[in-house]
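Listed below, chain by chain, are the residues.
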Amino acid sequence: MTQTKTATTRNEDNRRAIPNGTPDISREQLIENLNQDLAREYQAIIAYVVYSQTIKGAAYMAIAAELEKHAQQELGHALLIAKQIDYLGGVPTVQPKPVQMSQDAEDMLALDLENENETIRNYRSRIRQCESLGEFAMAEHIRTILVNEQEHQIDLATALGREVPQLAPLP
Ligand SMILES: [Fe+2]
Ligand SMILES: [Fe+2]
């Protein structure tokens, strides 16, 4: 009887539930993709921690304070993504994607912007993948992260005096 099911059994039922139609990807592939996202979040934490403290020049002091805020938000994203991986039965990675270093303020901001663009493209695709697997709550969590990443992108583009890039979707 449904009422007598344990929390664990109900949870397993939820994990199997998929909407009508064939999912775009398997749950294993989603775990793998989320681990790539997590590695990008670690990369972002490291880059923002280091760049916010080492960026030089009077013109960059306002953005330095912004970068420090980004670092804290990226940690929140990493925790949220790790939680989703664990929920799916996966093991969160411990490896960040490589971080490039530069002494030049404009280069630092351009590197951050490039990473944010890549992150945004991936999260847009991840939301669709979560939805195709019936993981609507997970898709909502990732949407909240995406809103944040787009703010980071705007902060960086503005500091660089560039237009906010229009991103082509991932293939
Ligand atoms: Fe992030
Ligand atoms: Fe970000």
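Treat the numbers as computed from the prediction; the structure is a model and nothing was measured.

Further remarks concern the overall build of the protein. In terms of regular secondary structure, the protein is built from five helices and zero strands. Start at the N end of the protein and walk to the C end: the helices and strands fall as α-α-α-α-α. Sorting the 171 residues of the protein into buried and exposed places 27% on the buried side. Within the protein, residue pairs in contact and separated by at least 24 positions form 77% of the contacts whose partners lie at least 6 positions apart.

Within the largest apolar cluster, 28 residues are counted, with the highest numbers of intra-cluster contacts made by Leu-38, Tyr-48, Tyr-51, Ala-78, Ile-81, Leu-109 and Ile-142. Listing elements by their share of this core, those giving two or more residues are α2 (27-54), α3 (61-87), α4 (105-132) and α5 (136-159). Element by element, the count of residues in this core is highest for α2, at nine residues. Excluding residues that lie within four positions of it along the chain, Ile-81 makes contacts with Leu-34, Asp-37, Leu-38 and Glu-41.

Mapped onto the secondary structure, Leu-79 falls in helix α3. On the basis of neighbour counts, which here come to 12 C-beta atoms within 10 Å, the residue Leu-79 falls in the exposed class.

Okay, the confidence of the model for the protein next. For the protein, per-residue confidence averages 90 on the pLDDT scale, and residues scoring 70 or more make up 88% of the total. Between residues 1-18, whose pLDDT stays under 50, and residues either more than four places distant or in other chains, the model counts five contacts.

Between the first and last C-alpha of α3 there are 40 Å, a value that for 27 residues agrees with the 39 Å anticipated at 1.5 Å per step. All of the buried residues along α3 are Ile-63, Leu-67, His-70, Glu-74, His-77, Ala-78, Ile-81, Ala-82, Gln-84 and Ile-85.

Okay, the packing of α3 against α5 next. Contact pair α3 / α5: the axes reach a minimum separation of 11 Å and the direction vectors enclose 160 degrees. Classified by the angle between their axes, α3 and α5 sit roughly antiparallel to one another. By crossing handedness, the relation of α3 to α5 is classed as left-handed. Between α3 and α5, the residues in contact are Ile-63, Glu-66, His-70, Gln-73, His-77, Leu-80 and Gln-84 and Met-138, His-141, Ile-145, Asn-148, His-152, Asp-155 and Ala-159, respectively. When grouped by side-chain class, the residues that make up the contact of α3 with α5 number five nonpolar, seven polar and two charged.

At their nearest, the axes of α2 and α4 sit 11 Å apart, and the two run at 155 degrees to each other. Here α4 runs roughly antiparallel to α2, going by the angle between their axes. Crossing of α2 over α4 shows left-handed handedness. The residues of α4 that touch α2, namely those facing Leu-30, Asn-33, Asp-37, Arg-40, Gln-43, Ala-44, Ala-47 and Tyr-51, are Met-108, Leu-111, Asp-112, Asn-115, Thr-119, Asn-122, Arg-126 and Gln-129. The class makeup of the residues in the contact of α2 with α4 is six nonpolar, six polar and four charged.

So, on to the environment of Ile-120. Inspection of the secondary structure puts Ile-120 in helix α4. Classification of Ile-120 by C-beta neighbours within 10 Å gives partly exposed; the count is 18.

Analysis parameters
- Residues numbered from 1 in each chain as written.
- Chains lettered and ligands numbered in written order.
- Predicted model: local features only at pLDDT ≥ 70, side-chain atom pairs only at ≥ 80, totals over all residues.
- Helix = DSSP H or I, 4+ residues; strand = E, 2+ residues; numbered from the N terminus.
- Buried ≥ 20, exposed ≤ 12 C-beta atoms within 10 Å, placed from the backbone.
- Contact = placed C-beta atoms within 7 Å.
- Core = buried A, V, L, I, M, F, W, Y, C linked by C-beta atoms within 7 Å.
- pLDDT = per-residue confidence, 0-100.
- Expected span 1.5 Å × (residues − 1).
- Axes fitted to C-alpha atoms, helices over the stretch in contact; angles between N-to-C directions.
- Parallel < 35°, antiparallel > 145°, perpendicular 65-115°, else oblique.
- Left-handed = near helix turned anticlockwise from the far one by under 90°.
- Nonpolar A, V, L, I, M, F, W, Y, C, P; charged D, E, K, R; others polar.

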